Amino acid sequence: MLFNSLEFLFFFPIVTSLYFILPHEWRWFMLLIASCIFYMSFIPIYILILFFTIIIDYFAGILIENSFGNKRKIFLLLSLISNLSILGFFKYFNFFNNSISGLVFLFGFSNPIPELDIICQLVYRFILFRL
């Protein structure tokens, strides 16, 4: 679902209405579920990446709340580094790999590193292992 799609035209008012209808203590949960639904509308299996970052940020938030002084900054920095590393890896690895492949092809070599489709491969292997 894109921001300029017909689905978003229905999704946004529903989520916004629920936000103001629900009691304050349930709003965070509704926004979490709505965010996951929005994220899954592109490629559903990528929710695994989102769950991983949610877990990292949840525990980082607890550590930041319970810490004082420079420890808070360290936990925030670790959370930012982990989130940006995950984003960079999954978003840009194939781009850089293809760029390197094109460069080494000019010199008559081939790049032995294939494109990564990590999440789909993990799920495929998990399903095969379960059968």
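As a reminder, the structure under discussion sits directly above these lines.
Here the structure is a predicted model, which means the values were calculated and not measured.

Q: Just to check I follow, could you spell out the side chain of Ser-5 for this structure?
A: By the secondary structure assignment, Ser-5 is in the segment before helix 1 (6-21). One polar contact links the side chain of Ser-5 to the main-chain amide nitrogen of Phe-8, over a distance of 3.2 Å.

Q: It is not clear to me how the packing of aromatic side chains should be interpreted in this structure. Could you clarify?
A: Both the distance between ring centres and the angle between the ring planes are used here to describe each pair of aromatic rings. Per the counting criterion, the structure on display carries 13 aromatic pairs. Consider the rings of Phe-11 and Phe-38, whose centres lie 6.2 Å apart with planes at 25 degrees: the pair is stacked. Residue Phe-11 is found in helix 1, and its partner Phe-38 is found in helix 2 (residues 24-40); the two are separated by 27 residues along the sequence. Between Phe-89 and Phe-90, the aromatic rings sit 5.3 Å apart at their centres with planes inclined by 85 degrees, giving edge-to-face as the arrangement. Clustering of aromatic rings is evident, with ring pairs tying together Phe-3, Phe-8, Phe-11, Phe-12 and Phe-38. Of note, Arg-27 hangs over the ring of Tyr-19, and the distance from its end group to the ring centre comes to 4.7 Å.

The rules we used
- Residues numbered from 1 in each chain as written.
- Predicted model: local features only at pLDDT ≥ 70, side-chain atom pairs only at ≥ 80, totals over all residues.
- Heavy atoms only, no water.
- Helix = DSSP H or I, 4+ residues; strand = E, 2+ residues; numbered from the N terminus.
- Polar contact = N/O pair within 3.5 Å; in protein donor to acceptor, adjacent residues only side chain to side chain.
- Phe/Tyr/Trp six-rings, centres within 6.5 Å; stacked < 30°, edge-to-face > 60°.
- Lys NZ or Arg CZ within 6 Å of the ring centre and 35° of its normal.

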